[in-house]
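Survey of secondary and tertiary structure
Here is what each chain is made of, one letter per residue.
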Amino acid sequence: MRWSPKLRPNGWDGLAAAIVLLLAAACAGMLWGRGAATGGELEVVVSIDGGEVERFVPTDSAGEKTYTSRGYTLHVLVRDGGVEVSQADCPTQDCVHTGWIGRAGESIVCLPARVIIQLVRTDGGSDPGGVDVVIG
Amino acid sequence: MRRWMAFVLAAVLTGGLTACAGTPADPDEAQESIQVIAMDTVMIISAYGEKSTHTVYMAEDEIRRLEGLLSRTEPDSQVSALNHADEQPTAVDGEVSRLLNAAALYSEVTGGTFDISIAPVVSAWGFTEAENRVPSQAELDGLLTHVGMEHVHAESPDAVWLDQGTQVDLGGIAKGYLADRIAMLLRENDIPRATISLGGNVLAWGDRPDGTPWRIGVQDPKRPDDAEGFAGLLQLEDAYAVTSGGYQRYFEQDGKAYHHIIDPATGYPADSGLISVTVVADCDREASDGLPGTGTMCDALSTALFVMGEEKALDFWRNSGYDFDMVLVTADDRVVVTAGIAEQFTPDEAGGYAYEMVS
Amino acid sequence: MKLTTKQLTLCAMLTAMALALSYLENFFPLSLAIPIPGIKLGLANIVTVFALYALGPVQALLILLSRCVLGAVFAGNMNALLFSLLGGVTAMLVMILLSRSRRLSVYGVSVGGAAAHNCGQVAAAILTLGNTAPLYYLPVLLGVSLFTGALTGLIAACLFQALAHTDLMKG
């Protein structure tokens, strides 16, 4: 044994855990805060092999779409302002298991087909510095 | 065994975390917003939640009802009936009686700087008439003898009367009371969030749909026509905010500006060194029972504090026992914010004010 | 670096154990909860923690690399290599640093390692996909790492306790 570690958790471990938690919260604030912002419109961005192939507004484009890449075909169902992969012939089926997504920032990834379906919020009209009501 | 329990725990918590990430932030996304022109101002009622549509129209009905009841210019209103009763005891609604008593209370605690019987003097300046004018000192002296709550006898709703020459105008608390009434409607209809803007009176109910406080811009009194010109920004949740300022209504004669907030002590527009006063107080949602309450208080106090001036207003804030905070804009370009809302207040640098926090 | 036979045997055993743990992870597919394919819980970090203390950073790194390469070869999946390498190496670097501080117990070191492991995996996902979409799930993964870290810490602590007085450790 080169050196024996402490085997009982102590306050410093708590500190380490707290730092990780803080980091998680900070990331959440930064990454999810944008998604929660009001204003703007939710858009679906479909990328294949790292390149964007299609962009549409889910509320305007309800219905089914198919994407083919690397020999796999994904059937994408657009409904209720969000999307899901209803059926795919990829071996992992992760994309199907992800289910429906409807919130800015969420994504569906099919690794074998290298397809990413991502929800983003456009900046249109949202003004973070704006006020809700003027008084006086 | 322990390790498996830890694993199950980890799995359950993982599920919990993802569930949080996946659900939308707000289930009450229905929103309804209406604009109502009443009480000489533009009112905007904006509510969220399942019953938002129903509630905003109930609020409109309430605005119309109170305007009909309390207007001084409406000949059929109870206030008009009182003002023209010629000392005859008149029966009024319990509601009007309660408001008269609230007005008497605020007049008393503010040393008469808020006074609903100032009405004839305000009229002499032409603020309720078609044309503004500067009345003579003799005229003002004559009118001032009838000003004072001792001339208003409202002990019982069945027999209210005013002394000869005295008239009342509930305009100084009507919008505040309206805010109290609308708060009751919001509570009764389980409205999660709303903003009520009644021309100088704001009720910020709940929070914004994104979970942050409502953002209330306090109009910069020196840039009254600039919709983006603010003295500062207040971030409020469940709170009333009322602004009184001389810039809201005024006229100019011989190069001098005369505004509509009359000091009951002099009969002249208050010249206290303040150009706007914003009073902020918490709104206790559960206690919104439709009686004259915090909204009414804010409305009365904003006028009184404007008349008092900075020093007396701060004294009142510290010693009166009333729970509220203020944003004072002074004529010498300072913005004074009391400690209780210092954290919710963001200065607007474009105004060129010096900002001070007092405690 | 000179390896004694005992150490070499230990390295081989630990590599085998790490491989077994990697395989075990397949039965708890994290990707069902977090839709980033390829992301693993990081149970094999138990071996890294153990090796780090028992054998030292160089041996621990060797075990890690062997585990990653062999794991990818066995699974016939080269995508997985990047995930396990980036996750494993980041975790190892962070744990080497943290273990220098003698204040932290094996739990603190493991939690730090688990957090780094998940950051590394998100980086791998971003690299593989050429898209920053996986970043969205980083906060959740950091939260998860608190539990996986505590779990690996617990198991490592049990291991040390059980083995502390055997002569396995006295090489």
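Residues numbered from 1 in each chain as written. Chains lettered and ligands numbered in written order. Predicted model: local features only at pLDDT ≥ 70, side-chain atom pairs only at ≥ 80, totals over all residues. Heavy atoms only, no water.

Side note on the overall build of chain C
Each helix and strand in chain C was counted, giving six helices and zero strands. Residues counted as buried form 57% of the 171 residues belonging to chain C. Within chain C, residue pairs in contact and separated by at least 24 positions form 70% of the contacts whose partners lie at least 6 positions apart. Per element, the accessible surface of chain C, about 6700 Å² overall, is 71% carbon and sulfur. (Helix = DSSP H or I, 4+ residues; strand = E, 2+ residues; numbered from the N terminus. Buried < 20%, exposed > 50% of the residue type's maximum accessible area, 1.4 Å probe, protein only. Contact = heavy atoms within 4.5 Å. Areas by Shrake-Rupley, 256 points an atom, 1.4 Å probe, with all protein chains shown as cover.)

Topic: the pattern of salt bridges
In total, this model carries 21 salt bridges over all chains according to the counting rule given. We note a salt bridge from A:Arg79 to A:Asp80, for which the minimum N-O separation is 3.0 Å. Of the charged contacts, one joins B:Asp226 and B:Arg223 as a salt bridge, the two residues approaching to 3.9 Å between their closest N and O atoms. Bridged by salt links that share partners, the residues B:Glu62, B:Arg65, B:Glu95 and B:Arg181 form one connected network. (Salt bridge = Lys/Arg side-chain N within 4 Å of Asp/Glu carboxyl O.)

Quick word on the confidence of the model for chain B
The predicted model of chain B has a mean per-residue pLDDT of 89, with 92% of residues at 70 or higher. The low-confidence segment residues 1–27 of chain B, where pLDDT is below 50, has 32 contacts with residues more than four positions distant or belonging to other chains. (pLDDT = per-residue confidence, 0-100.)

Focus on the nonpolar core
In this structure, B:Ile45, B:Leu70, B:Leu170, B:Ile182, B:Leu305 and B:Phe324 are the most contacted members of the largest nonpolar core, which totals 74 residues. Ranked by residues supplied to this core, first place goes to helix α7 (residues 171–188) of chain B with ten residues. Taken domain by domain, the makeup of this core includes at least three residues from each of domain 1 (34–69 + 171–358) and domain 2 (77–162) of chain B. Core analysis: the next-biggest nonpolar cluster, separate from the first, contains 66 residues, A:Val20, C:Val140, C:Leu146 and C:Ala157 among them. (Core = buried A, V, L, I, M, F, W, Y, C linked by side-chain atoms within 4.5 Å. Domains from an automatic or database assignment.)

Overview of the interface of chain A and chain C
At the junction of the two partners, chain A supplies 36 residues and chain C supplies 43 residues. For the pair chain A and chain C, the two sides together bury roughly 3700 Å², of which 67% comes from carbon and sulfur. At the surface where chain A touches chain C, the tally comes to zero salt bridges. Taken together, chain A and chain C are joined by eight residue pairs in polar contact (both at pLDDT 80 or more). Of all elements in the fold, only α1 (11–36), α2 (94–98), β6 (107–110) and β7 (115–121) of chain A reach the threshold of two or more residues within the side of chain A that touches chain C. Sorting elements by how many residues they give to the side of chain A that touches chain C places α1(A) first, with twelve residues. Looking at side-chain class alone, the side of chain A that touches chain C contains 20 nonpolar, eight polar and eight charged residues. (Buried area = accessible area lost by both parts, 1.4 Å probe. Polar contact = N/O pair within 3.5 Å; in protein donor to acceptor, adjacent residues only side chain to side chain. Nonpolar A, V, L, I, M, F, W, Y, C, P; charged D, E, K, R; others polar.)

Notes on the pairing of strand β1 (residues 42–48) of chain A
All names here are of chain A. β1 sits mainly inside the fold: seven of its seven residues count as buried. Across the two faces of β1 the burial is the same, with Leu-42, Val-44, Val-46 and Ile-48 and Glu-43, Val-45 and Ser-47 all buried. As paired elements, β1 and β7 share seven bridges and run antiparallel to each other. The residue of β7 that forms the bridge with Ser-47 is Ile-116. Adjacent in sequence and paired antiparallel, β1 and strand β2 (residues 51–56) are bridged by two residues, among which Asp-49 carries a positive phi angle near 55 degrees. (Pairing = 2+ DSSP bridges.)

Examining the sheet that holds strand β15 (residues 345–347) of chain B
Hydrogen bonds between backbone atoms are what pair the strands of a sheet, whose relative direction is either parallel or antiparallel. The strand order across the open sheet formed by four strands is β8(A)-β7(B)-β8(B)-β15(B), and the pairing between neighbours is mixed. The two strands at the open ends of the sheet, each matched to only one other strand, are β8 (133–135) of chain A together with β15 of chain B. Across this sheet, the average inter-strand angle for adjacent strands is 25 degrees, counted without regard to direction. Taken together, the three bridges between β8(A) and strand β7 (residues 214–219) of chain B define a ladder with parallel strand orientation. Following the sheet pairing, A:Val134 is matched in β7(B) by B:Gly217. (Axes fitted to C-alpha atoms, helices over the stretch in contact; angles between N-to-C directions.)

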